[in-house]
There are 4 protein chains.
Amino acid sequence: MAAGSSIGTLFKITTWGESHGKAIGVVVDGCPAGLALNEEDIQKLLDRRKPGQSKFTTRRNEGDQVEILSGVFDGKTTGTTISMIVWNQDQRSRDYSQIADCYRPGHADYTFDEKYGFRDYRGGGRSSARETIGRVAAGAIAEKFLEELGIRFTTYTRAIGPVEIDADRMDTAELNNNKLCMPDAEAAKKAEAYLEEKMAEQDSVGGVVECVVSGLPKGLGEPVFEKLDANLAKAMVSIGAVKGFEIGAGFDAAKSCGSGNNDVFRMKGGQVEKATNHSGGVLGGISDGSDLIFRTAFKPTPSIARTQPTVNRFGEEIDLEIHGRHDPVVVPRAVVVVEAMAAITIMDQLLLAMTSRMDRIVDFWKK
Amino acid sequence: MAAGSSIGTLFKITTWGESHGKAIGVVVDGCPAGLALNEEDIQKLLDRRKPGQSKFTTRRNEGDQVEILSGVFDGKTTGTTISMIVWNQDQRSRDYSQIADCYRPGHADYTFDEKYGFRDYRGGGRSSARETIGRVAAGAIAEKFLEELGIRFTTYTRAIGPVEIDADRMDTAELNNNKLCMPDAEAAKKAEAYLEEKMAEQDSVGGVVECVVSGLPKGLGEPVFEKLDANLAKAMVSIGAVKGFEIGAGFDAAKSCGSGNNDVFRMKGGQVEKATNHSGGVLGGISDGSDLIFRTAFKPTPSIARTQPTVNRFGEEIDLEIHGRHDPVVVPRAVVVVEAMAAITIMDQLLLAMTSRMDRIVDFWKK
Amino acid sequence: MAAGSSIGTLFKITTWGESHGKAIGVVVDGCPAGLALNEEDIQKLLDRRKPGQSKFTTRRNEGDQVEILSGVFDGKTTGTTISMIVWNQDQRSRDYSQIADCYRPGHADYTFDEKYGFRDYRGGGRSSARETIGRVAAGAIAEKFLEELGIRFTTYTRAIGPVEIDADRMDTAELNNNKLCMPDAEAAKKAEAYLEEKMAEQDSVGGVVECVVSGLPKGLGEPVFEKLDANLAKAMVSIGAVKGFEIGAGFDAAKSCGSGNNDVFRMKGGQVEKATNHSGGVLGGISDGSDLIFRTAFKPTPSIARTQPTVNRFGEEIDLEIHGRHDPVVVPRAVVVVEAMAAITIMDQLLLAMTSRMDRIVDFWKK
Amino acid sequence: MAAGSSIGTLFKITTWGESHGKAIGVVVDGCPAGLALNEEDIQKLLDRRKPGQSKFTTRRNEGDQVEILSGVFDGKTTGTTISMIVWNQDQRSRDYSQIADCYRPGHADYTFDEKYGFRDYRGGGRSSARETIGRVAAGAIAEKFLEELGIRFTTYTRAIGPVEIDADRMDTAELNNNKLCMPDAEAAKKAEAYLEEKMAEQDSVGGVVECVVSGLPKGLGEPVFEKLDANLAKAMVSIGAVKGFEIGAGFDAAKSCGSGNNDVFRMKGGQVEKATNHSGGVLGGISDGSDLIFRTAFKPTPSIARTQPTVNRFGEEIDLEIHGRHDPVVVPRAVVVVEAMAAITIMDQLLLAMTSRMDRIVDFWKK
């Protein structure tokens, strides 16, 4: 689709807003009528991305209270467009003179100027991390919808830099006990130490987010271009700072053999099941009833405290110092963004999958 | 987009056909008028995916001669839909009785039955690798178009199972000297030995394809959901057997620090350039003028010669023997599919990027 | 949507082919699996647009036998893309020298040259009436699908030039008794006389097609831009030679008063019904359970036998004589095209309407 | 497209909001960067649809001040999503008890209940005429854009009930001299008298809006489904209360002969021109360089003061009295809505048409 701020076919969202503009928001189209929904449902998910929670996230107190402007009546969605808004509280005219003219390494300043001829340079403008507010607000609706159908999300930090969780120690209850959203207390402790070290060096680190979706019906996704995993890949790589996506065994599958990677089908309680889940819940682009499991790689925060060489828009080589606090790692705050984008993608696919069989369509309309 | 056999917005392709149906084809919509094009242009790319070239690909002589049925007149595209067809020469009614009822591990048999209620079981039907013929035929048009604008593709096998090419030995001239499309003679030799070993064990292996695109204008891709890399990710993961996608430093970026991963901007011959290219040619979802570099992970061929346990559609656990020859690795033949999908994606983005600036639009129409 | 040869969201068709190219065809994506379908189903509708049936249609024996190339297995649709083809039997290289360079009044020759820089001038190329073969073939599938849900189409010629059918004499049984598809024997006779007169004058005439759809469920169509009637309007005006569309009372509604135009709701057999149907079956863009009734205005055939002044592509004013036989009126052959486009539009809307209510979605997936 | 509140491909708008919700708004995606734009530009067009201007429009003082929330920086569009909002000032909880349960004739109450299971009944909810605020705000941007390319709109009331303007007396200067937007002083006087009469009878009337677009480049629109006129038809019929659309000679073309309806090409000042313009500026779905001329039929306002029989949602037949003031005719206020939708459609087509020719694309990118 052109005009890049919309995603989805039947459940479609359109986000808008810049980091230091008046507000940030999203319009959600195609949410079925009759879903119970209020602002608290949205706020809960939004709060999971709020900064200021630890020394690893920026202190700016954003508040970020969401307001629903349309599409909900008597506590239920009406089936028409749901508009949500979060006002920006931090619009003061700072001195952006340095950043306005220079191209920060790892940021989109240069490509925006090349594409559009100029840019809203305040706080990253449209490519700021605040853009994800709209994604998360829309994702909250999708998650609420999917919950009604028994679909659940478990999303967490799998790795911070080189520190990865250990499958044997994995404990999702641990997820909320540490600021890094790691389901492994020991790994979390190591990762915190690693982060402190890098912060002391005025540096930043990357990481990996993993998402597990359970309760998915079989049959979601289309066999050719609209594969479930292809749509997830797009949704994930559309998140700022993401450099990679893999599903199931992922890049490890490339190193494995068919005899080990194939998931053997077995009968269990009268149901067809896979003995293993290297596929990550998708066969031929279509959900197979196992848990959906995928990972997303985030690069290190490009804004670092140490001085960096760069150029400005006048073609001069300069030394850049980025002031202000920046998260040394985006991963813990990105966990909820990954989950939101997954929920948005899956809800859309679930609606689309309702029209795949003649018998079910006849049943539906004959009632 | 629903109805999963189309991809693209301005340059849009729709594929059709099953492995053992009458024919396989593609309809290309949105190709600009006036591009010189003939069947030889298409055949050249199609021949790169043709099997029967080595002991690592199946022997079936497919021929696969493409025919252009519309949209070309006097040797040039007319601006209207280009329909291309390849007749299937191998439609004999074999005995599919075993495969018809059973669910092959790693294949889409089970998910097709769950989604559609039944399936065309002959040779994998719609999820056969022959489906990629339409992609490659359309990709040939996209590549021809992009060549006119100075955009070039170099695509190759980066790894076969655990055997990876060595950056220091990399030599693209070597690409066509070995059956595995590896630009490193030594790695190719090792990979061949590895493959022979696995074939002897009645097993299959996976691998990684890497694609480098040079000459790309700056400014392709949209900042939010329609990022250039997000669209590439979808295009790649939509290829059968793909389990992962990464761009630039990819999953390694997740382990790196900002100071190392940031690409510093420098002036070179009066032009802004990046000193390194960890971004893989994309910043904020928009092409930055460096080479576009991405990798795609393929799982091992699911069809293996050794007996596998599975279940049939009657819910019985059975032992499955898959007869006939199957490629022990899909990667060498998938190289051209990756390139075709990249070309299709980039051509679409290049057309979309023509409308980003008022001054350029006024210029365009005022002439 | 760009790249103009596709229409539809969930049920999506893509047509291709030129009048004198190798073949004409259509790819249908999004047809649910399990619909019984064979070539005879398609041929039946195609035969309704076949020329050579009367003195009012051209004599060229086209044959136009459709072939299904994919998407059907064991007599049922598989849920994947259905490709259909009709070979052109009349590709002889005639002498197109005059027509190649001149701009026929009322045709698209001039606008094609302006848009694309050149054109396939043989027989109208892509804007030939033969382009409708793909529409009708796809429409046959949609009609078969809708029949399973009890939805029926009655489509006929409402007017030929100034000769209109009389509501009091209307008799749909009469439809197949005359070559003009008029459900009024007396009007048909008058219209034939009028046509003969105009043919003698080397002239052509226009007309109006009316379509009535019964058995439509309530709730099809979306309230804002995706209104059922808005989509019908687009589908109709996309047919070559169409200059107007109206639904229900149409342009007459503009002259009426609210007290007369409003359709009063009444109870009938425990069901809500409208006492009249000036709305034509749509309220607020959503089907209301009454018959859908709309009309489409066709201009006179632009190709006429008498000499016409025009210009050629070298900017010279010339006198044009169009040789060969042309239908003096397109309406009788367009009846089935209108019906096909209506069926395609309604099938798409019917699939889309399955996701409007939470309770129905939960029901669907909980089974 | 599903999820009906978006329209357009490259220039795409998404509207949201209900009549008596918190606010009404629109998100505009795909507006090129660098277009000078401020709130005054939007307000000017919005004011043309504001009620309270005459005895023929409702007195409610809406204010309707638009606020731009994103996408504009330093007085110019940035190329990213433009969000605009108008707060509803009239959200008081009136007594909607009667209207909440009953189905007003000619309104969408019944179809909303059937489609969604319930509805926001306050003031028509999503199908209120206030929904057009978003359309007009987006249309103001499109018109500003098109002005830069020399494209101009003249839109007016062609008929009020049976009172039509006279071509011989037509004077566009007159347009702003009367409350009915009629470019014919005499017709306006007659129409006012007619309206007063119908108001006295507690009745309402319909009418016709005509739009003329000059300065359009040749080559806009695609030959098959995405014809310029097909997209205009959809845009127009998507406006509430519209029952018909025609272009050029429209329904009169159906009564005419080819010899009279064909527009003969002539040379004028070295340019190809049509001697007449029965085509209304479109040949084969593509703009031909003449003025684009089309008409849209509006039904009478369904809300009338006299008592009407109807049913309620409990299946009881009742007598309905609609309280409050309602416009006896929507046409004068709809003029600007027609213009806005035309501008939105044409801007999208103009951007799409930039990619039709190889030579122009090479020129564009080689610079």
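Residues numbered from 1 in each chain as written. Chains lettered and ligands numbered in written order. Predicted model: local features only at pLDDT ≥ 70, side-chain atom pairs only at ≥ 80, totals over all residues. Heavy atoms only, no water.

*Asks:* Hey, could you run me through the overall build of chain A in this one?
*Replies:* The helix and strand tally for chain A stands at nine helices and 18 strands. In terms of overall size, chain A behaves like a compact globule, its C-alpha atoms giving a radius of gyration of 22 Å where 367 residues would be expected to give roughly 21 Å. Expressed along its principal axes, the backbone C-alpha trace of chain A runs to roughly 65 × 50 × 40 Å. Relative to its full complement of 367 residues, chain A shows a buried share of 68%. Residue pairs in contact within chain A that sit at least 24 positions apart in sequence constitute 69% of those at least 6 positions apart. Within the structure as shown, chain A displays about 11,600 Å² of accessible surface, and the carbon and sulfur contribution to it stands at 45%. Here chain A contributes 45 positively and 52 negatively charged side chains, and the mean placements of these two sets differ by 2 Å. (Helix = DSSP H or I, 4+ residues; strand = E, 2+ residues; numbered from the N terminus. Rg over C-alpha atoms; globule rule 2.2 N^0.38 Å. Buried < 20%, exposed > 50% of the residue type's maximum accessible area, 1.4 Å probe, protein only. Contact = heavy atoms within 4.5 Å. Areas by Shrake-Rupley, 256 points an atom, 1.4 Å probe, with all protein chains shown as cover. Lys, Arg positive; Asp, Glu negative; His and termini not counted. Charge placed at Lys NZ, Arg CZ, Asp CG, Glu CD.)

*Asks:* What exactly am I supposed to notice about the pattern of salt bridges here?
*Replies:* Once the charged atoms of two side chains with opposite charge are near each other, the side chains can pair. Residue and element names in this part refer to chain D. One pass over the structure, following the stated rule, counts 116 salt bridges over all chains. The shortest N-O distance in the salt bridge between R130 and D64 comes to 3.0 Å. You can see R130 sitting in the loop between α3 (109–116) and α4 (132–148) and its partner D64 sitting in the loop between α1 (39–47) and β4 (66–68), a full 66 residues away along the chain. Take R130 and D64: they sit in the same class, and that class is buried. Here E273 makes a salt bridge to K268, at a shortest N to O gap of 3.9 Å. Classification of E273 as partly exposed rests on a relative accessible area of 35%. The class for K268 is exposed, based on a relative accessible area of 55%. (Salt bridge = Lys/Arg side-chain N within 4 Å of Asp/Glu carboxyl O.)

*Asks:* What is the right way to look at the sheet that holds strand β1 (residues 6–7) of chain D in this model?
*Replies:* Each strand in a sheet pairs with another by means of backbone hydrogen bonds, the pair being arranged parallel or else antiparallel. All names here are of chain D. Pairing in this open sheet of five strands is antiparallel, and the strands run β1-β2-β3-β7-β4 from one edge to the other. Two strands bound the open sheet, and with one partner strand each, they are β1 and β4. For β1 and strand β2 (residues 12–17), the ladder comprises two bridges, and the chain directions are antiparallel. Across the sheet, S6 pairs through a bridge with T14, a residue of β2. Its contacts with the sheet place α4 against β2, β3 (23–29) and β7 (82–87), and it is angled at close to 35° to β3. (Pairing = 2+ DSSP bridges. Axes fitted to C-alpha atoms, helices over the stretch in contact; angles between N-to-C directions.)

*Asks:* Help me understand the relation of the copies chain A and chain B in this model?
*Replies:* Two copies of one chain are present, and they are related through a rotation about an axis combined with an axial shift. Rotating chain A by 180° and moving it 0.0 Å along the rotation axis overlays it on chain B with an RMSD of 0.0 Å. The superposition operator between the copies reduces to a two-fold rotation axis. Counting the interface residues of chain A, we find that 100% of their copies in chain B are interface residues as well, pointing to one common contact surface. (Least-squares fit on C-alpha atoms with pLDDT ≥ 70 in both.)

*Asks:* What exactly am I supposed to notice about the pairing of strand β11 (residues 242–247) of chain C here?
*Replies:* For a regular strand, side-chain orientation follows a simple rule: the groups alternate between the two sheet faces. Within β11(C), six of the six residues are buried, leaving the element largely enclosed by the surrounding structure. Two strands pair when backbone bridges link them, and β11(C) and strand β11 (residues 242–247) of chain D are joined in this way by three bridges, in the antiparallel orientation. Considered in β11(D), the bridge of F245(C) is made with F245(D).

*Asks:* Where do I start with the interface of chain A and chain C in this structure?
*Replies:* Interface size is commonly expressed as the accessible area that is lost once the parts come together. With 31 residues of chain A at the contact, the number on the chain C side is 31 residues. In this assembly, chain A packs against chain C so that about 2,700 Å² is buried in total across both faces, 76% of it on carbon and sulfur atoms. When the buried surface of chain A facing chain C is broken down by residue, M354(A), M358(A) and W365(A) rank first, second and third, together holding 29% of it. If you look at where chain A meets chain C, you find zero salt bridges. At the boundary of chain A and chain C, one finds six residue pairs in polar contact (both at pLDDT 80 or more). Where the side of chain A that touches chain C is concerned, the elements lending two or more residues are α4 (132–148), α8 (331–352) and α9 (358–366) of chain A. Ranked by the residues each element gives to the side of chain A that touches chain C, the list is headed by α9(A), at eight residues. In terms of residue class, the side of chain A that touches chain C is built from 19 nonpolar, five polar and seven charged. (Buried area = accessible area lost by both parts, 1.4 Å probe. Polar contact = N/O pair within 3.5 Å; in protein donor to acceptor, adjacent residues only side chain to side chain. Nonpolar A, V, L, I, M, F, W, Y, C, P; charged D, E, K, R; others polar.)

*Asks:* So what exactly am I meant to see when it comes to the interface of chain A and chain B here?
*Replies:* Counting residues at the interface gives 108 residues for chain A and 108 residues for chain B. The contact between chain A and chain B buries some 8,600 Å² in all, and 62% of this surface belongs to carbon and sulfur atoms. The interface formed by chain A and chain B contains six salt bridges. We note a salt bridge from E226(A) to K234(B), for which the minimum N-O separation is 2.8 Å. Taken together, chain A and chain B are joined by 46 residue pairs in polar contact (both at pLDDT 80 or more). Residue contributions to the side of chain A that touches chain B peak at seven residues, all from helix α3 (residues 109–116) of chain A. Classifying every residue of the side of chain A that touches chain B by side-chain character gives 47 nonpolar, 34 polar and 27 charged.

*Asks:* Explain the packing of α1(D) against α4(D) to me, please; I cannot follow it from the model alone.
*Replies:* Helix packing geometry: the angle between the two helix axes and the distance between the axes. Residue and element names in this part refer to chain D. Two elements in contact, α1 and α4, have axes separated by 8 Å at closest approach and are oriented at 125°. By the angle between their axes, α1 is oblique relative to α4. As for the relative orientation of α1 and α4, their crossing is right-handed in sense. Contacts between α1 and α4 pair D41, I42, L45 and L46 from the former with I133, V136, A137, G139, A140, I141, E143 and K144 from the latter. When the residues that make up the contact of α1 with α4 are grouped by side-chain class, the tally is eight nonpolar, one polar and three charged. (Parallel < 35°, antiparallel > 145°, perpendicular 65-115°, else oblique. Left-handed = near helix turned anticlockwise from the far one by under 90°.)

*Asks:* In this structure, what is going on with the packing of aromatic side chains? I would like to understand it.
*Replies:* Note on aromatic pairs: each is described by the distance of the centres and the angle between the planes. Under the criterion given, the structure shown has 32 aromatic pairs over all chains. With a centroid separation of 5.2 Å and an interplanar angle of 75°, the aromatic rings of F364(A) and W365(A) are classed as edge-to-face. Across the pair, W365(A) and F364(A) agree in class, each one buried. In this structure an aromatic cluster arises from ring pairing among Y103(A), Y110(A) and F265(B). Taking NZ or CZ as reference, K76(A) lies 4.5 Å from the ring centre of F118(D), over its face. (Phe/Tyr/Trp six-rings, centres within 6.5 Å; stacked < 30°, edge-to-face > 60°. Lys NZ or Arg CZ within 6 Å of the ring centre and 35° of its normal.)

*Asks:* Whenever I open this one, the packing of α4(A) against α8(A) confuses me. Can you help?
*Replies:* Residue and element names in this part refer to chain A. α8 packs onto α4 with a crossing angle of 50° between their chain directions and a minimal axis gap of 7 Å. When the axes of α4 and α8 are compared, the pair comes out oblique. Crossing of α4 against α8: the hand is left-handed. Here α4 contributes T132, R135, V136, A138, G139, A142, E143, F145 and L146 to the contact with α8, which in turn contributes V336, V337, E339, A340, M341, A343, I344, I346, M347, L350 and L351. Classifying every residue of the contact of α4 with α8 gives 15 nonpolar, two polar and three charged.

*Asks:* In this structure, what is going on with the environment of E196(B)? I would like to understand it.
*Replies:* Residue and element names in this part refer to chain B. Turning to its location among the elements, E196 is positioned in helix α5 (residues 185–200). Relative accessible area serves as the criterion here: at 38%, E196 is assigned to the partly exposed category. C-alpha separation for the pair E196 and N88, spaced 108 residues apart in sequence, amounts to 30 Å.

*Asks:* Looking at this structure, I do not really get the side chain of S204(B). What am I missing?
*Replies:* Assignment of secondary structure puts S204(B) in the loop between α5 and β10 (207–214). Within the local environment of S204(B), its side chain forms a polar contact with the backbone oxygen of T301(B), the two atoms lying 2.6 Å apart. Those residues in contact with S204(B) that sit more than four places away from it in its chain are S256(A), C257(A), G258(A), P300(B), T301(B), I304(B) and P328(B).

*Asks:* Quick question: what am I supposed to make of the relation of the copies chain A and chain C here?
*Replies:* By a simple turn and slide, chain A fits onto chain C: the slide is 0.0 Å along the axis, the RMSD is 0.0 Å, and the turn is 180°. By residue overlap, the copies meet face to face through one surface: 100% of the interface positions of chain A are interface positions in chain C.

*Asks:* Honestly, helix α6 (residues 228–237) of chain D in this entry has me stumped. Any pointers?
*Replies:* An α-helical turn contains 3.6 residues, so any two residues separated by three or four positions project in the same direction. Burial analysis of α6(D) places 10 of its 10 residues in the buried class, the great majority of the element. Restricting attention to buried positions, one finds in α6(D) the residues L228(D), D229(D), A230(D), N231(D), L232(D), A233(D), K234(D), A235(D), M236(D) and V237(D).

In short, the description is geometric, and any link to function would need to be established separately.
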